[in-house]
Amino acid sequence: MTARTYDLILWGASGFTGRLVAEYLWKQYGQDENLKWAVAGRNPEKLKQILQELGCPDIPILTADSDDAPSLLAMAAQTRVVCTTVGPYTRYGSKLVAACIQAGTHYCDLTGEVGWMRTMIDLHQEEALAARVKIVHTCGFDSIPSDMGVFFLQKAAQKQFGNYATRIKNLLKASKGGLSGGTYESMFAQMALAAENPGFAKLMSRTYALNPDPEHKGADGKDLRALAYDAQAKSWIAPFIMAGINTRVVRRSHALSGLPYGEQFQYEEAMMTGNGLMGRLKGFSILMLLGTLLAAKPGTIFGNLLRRFLPKPGEGPDKQERETGFFYFQMFGTLPDGSTIMAKVKGDKDPGYGSTSKMLAECAVCLAKDSAITPEQYGFLTPSTAMGDALLDRLTHNAGLSFEVG
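So, here's what we can say about the structure. The residue count restarts for each chain, going from 1 along the sequence in the order it is written. With the structure being a predicted model, the display of local features is reserved for residues of pLDDT at least 70 and the display and counting of side-chain atom pairs for 80 or more, all residues being used for whole-chain, interface and lining totals. Values shown for side chains rest on all heavy atoms present in the structure; no hydrogens or waters enter the calculation.

With respect to topology, seven strands assemble into an open sheet ordered E8-E9-E10-E7-E11-E12-E14, the strand pairing being mixed. Two strands in the sheet have a free side with no partner beyond their single neighbour: strand E8 (228-230) and strand E14 (401-405). Direction aside, neighbouring strands of the sheet carry axes that sit 30° apart on average. Between any two strands, pairing holds if DSSP finds at least two bridges. Numbered from the N terminus, helices here are DSSP runs of H or I no shorter than four residues, and strands are runs of E no shorter than two. With nine bridges joining them, strand E7 (residues 167-176) and strand E11 (residues 326-334) adopt antiparallel strand pairing. When the sheet's bridge partners are listed, Ala174 is paired in E11 with Tyr328. Helix-sheet contacts for helix H7 (residues 144-161) involve E7, strand E10 (266-274), E11, strand E12 (340-347) and E14, and the interaxial angle to E12 is about 145°. Whenever a helix is involved, its axis is fitted only over the stretch in contact; in every case the axis is a line through C-alpha atoms, and angles between N-to-C directions fall within 0 to 180 degrees. In this description, contact between two residues means that some pair of their heavy atoms is separated by no more than 4.5 Å.

Shown next as structure tokens:
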């Protein structure tokens, strides 16, 4: 890749999240010899207008179309990394993944579409390995805090106890800011596919759906589906809508790393709702909300009605809402002898847009610039197995995330 014109190309800068990624890249890195980047899409005039509004009109613009494989290949061949925000990826991502592998170009995205990721792995893993490229999904709120949080906590456990935690419970303690319109659209796209294909639905529900072997038998159970009281957290806990994605990504990381935490390692996620009666009532309200979303099946009257009130792809909160948002996870690790270790993972912007755009941008830059210090693994990877300590450093120094023990 040494002869490539660009270090990275951002695909989808005309969308809401893509624009935020472009804005971050410009403010954080500018455009010089240290990072050569461009934007690409099917409407160069719209991209030109956006770059002018962001104050960076000289950023190069390339034209390609998500339905035109040759144009995607021509684009991918010009860069070390393609960073894409264009979803739902089930609809718009497959040809771009194939083009990047064919061009020998690294790739990162924001998808949380478990079924699509499994399909891409099954179709292209061997080609990606042969091309020595890193294809890295889930580089936003799903699943950077979870995947990199486990990576951080296990490093701390090894340093403090000389051993790894065999069970980790990750609880969202607090957050401000909603999920993106793209996240909702991706969720509905997966629900539509599951409704059409029972086999696809079964695949998505597998505990180890993203492991190299999705039939892997381990100690993990199903994601939390009810309200429960957690004595360790001293709080009621409720199902977390992102758990079905994050848990499978963490389990894939563990498998790709050779099961260093043991074959019986367990990972689970939920969200804290507080103690006492108010915490319990909040938990019930979350159960009702999740039930409403799951009942809103695509194509039904109720589903169509609900979608009118949810943010659409390309829509999002204003700058003040993004700047005042945050997220805070609390992780509880249990070691083989019963010892415990805790970690906190925090983000300084709203999860769906402000933090997500920074996390994705830093993943792209890490893939482009840190090849000498990232793990020499290729194929379909997770953030931690693709970038490890190099990404952890970028997230803490540039992207507003913090990882702390205690």
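Turning to the sheet that holds strand E2 (residues 37-41), a few remarks are in order. What the seven strands build is an open sheet, ordered E3-E2-E1-E4-E5-E6-E13; its pairing is parallel. The sheet is open, and its two borders are formed by strand E3 (61-63) and strand E13 (379-381), each paired with just one other strand. In this sheet, neighbouring strand axes are inclined to one another by 25° on average, regardless of whether the strands run parallel or antiparallel. As paired elements, strand E5 (residues 106-108) and strand E6 (residues 134-136) share two bridges and run parallel to each other. Looking across to E6, one finds that Cys108 is bridged to Val136. On top of the sheet, helix H1 (residues 16-29) reaches strand E1 (6-11) and E2; it is set at about 150° to E1, its chief contact. Running over the sheet, helix H14 (residues 351-369) touches E1, strand E4 (79-84), E5 and E6 and is turned about 165° from E4.

With that out of the way, let us pick up the pattern of salt bridges. Definition used for salt bridges: Asp or Glu carboxyl oxygen within 4 Å of a side-chain nitrogen of Lys or Arg. This structure, assessed with the given rule, holds 17 salt bridges. In this structure, Asp7 and Lys369 form a salt bridge, with 3.7 Å as the shortest nitrogen-oxygen distance. Pair noted here: Asp7 is in strand E1 and Lys369 is in helix H14, with a separation of 362 residues, a long-range link. Here's how the labels work: a residue is buried when its accessible area is under 20% of the maximum for its type, exposed when over 50%, partly exposed in between, all with a 1.4 Å probe on protein chains only. Accessibility expressed as a relative area gives 10% for Asp7, which makes it buried. Among the salt bridges present, the one from Lys349 reaches Asp348, with a minimum N-O distance of 3.4 Å. Lys349 sits in the buried class, given a relative accessible area of 16%. Because the salt bridges share partners, they merge into one network encompassing Glu323, Asp348, Lys349 and Lys358.

Our next topic: helix H5 (residues 94-103). Considered for burial, the residues of H5 that qualify are Leu96, Val97, Ala99, Cys100, Ile101 and Ala103. Once H5 finishes, Gly104 follows within two positions and takes phi at roughly 70°, a positive value.

Right, let's talk about the environment of Ser257 for a bit. Turning to its location among the elements, Ser257 is positioned in the loop between helix H10 (243-256) and E10. In this structure Ser257 comes out as partly exposed when scored by relative accessible area, which is 43%. The spacing of Ser257 and Ser384 is 127 residues in sequence and 9.6 Å in space, taken between C-alpha atoms. Pairs of N or O atoms are called polar contacts if they sit within 3.5 Å, as long as, within protein, a hydrogen donor faces a hydrogen acceptor (for residues adjacent in sequence, only side-chain-to-side-chain pairs). Engagement of the side chain of Ser257 in a polar contact is seen with the backbone oxygen of Ser253, the distance being 2.9 Å.

The next subject is the packing of H14 against helix H15 (residues 383-397). Relative orientation of the contacting elements H14 and H15 amounts to 135°, with a least axis distance of 10 Å. Regarding the angle of H14 to H15, the classification is oblique. The interaxial crossing formed by H14 with H15 has right-handed handedness. Facing H14, whose interface residues are Met359, Glu362, Cys363, Val365, Cys366, Leu367 and Lys369, H15 presents Met387, Ala390, Leu391, Arg394 and Leu395. Side-chain classes follow a simple rule in which Ala, Val, Leu, Ile, Met, Phe, Trp, Tyr, Cys and Pro form the nonpolar group, Asp, Glu, Lys and Arg form the charged group, and the remainder, Gly included, forms the polar group. A breakdown of the residues in the contact of H14 with H15 according to their chemical character gives nine nonpolar, no polar and three charged. Any angle that falls under 35 degrees is termed roughly parallel, while one over 145 is termed roughly antiparallel, one within 65 to 115 roughly perpendicular, and all others oblique. Note: crossing handedness is left-handed where the near helix turns anticlockwise from the far helix by less than a right angle, and right-handed where it turns clockwise.

Each helix should span, by expectation, one fewer than its residue count multiplied by 1.5 Å. Taking 1.5 Å per residue, 14 residues should reach 20 Å; H1 reaches 20 Å between its end C-alpha atoms and fits that length. All of the buried residues in H1 are Thr17, Gly18, Leu20, Val21, Ala22, Tyr24, Leu25 and Tyr29. Turning to H1, the residues buried within the fold contact E1, E2, helix H2 (44-54), helix H13 (319-324), H14 and H15. Two residues or fewer past H1, Gly30 is found with a positive phi of approximately 65°.

On to the side chain of Asn211. Structurally, the position occupied by Asn211 is in the loop between helix H9 (198-205) and E8. For Asn211, the contacting residues outside a window of four places in its chain are Arg118, His216, Arg251, Arg252 and Ala255.

Locating His254 in the fold gives a position in helix H10. For His254, the residues in contact, after removing those within four places along its chain, are Leu259, Pro260, Tyr261, Gly262 and Phe265.

Two joining distances apply to patches: 9 Å for like charges and 5 Å for nonpolar side chains (Val, Leu, Ile, Met, Phe, Trp, Tyr), and every residue must have over 30% relative accessible area and no salt bridge. Computed with the Shrake-Rupley method and a 1.4 Å probe, the accessible areas treat only the protein chains shown as cover for residues. A grouping of Leu277, Met278, Leu281 and Phe284 is seen on the molecular surface, where their side chains present a nonpolar patch of about 450 Å² in accessible area. Take Met278: it is sitting in helix H11 (residues 276-295).

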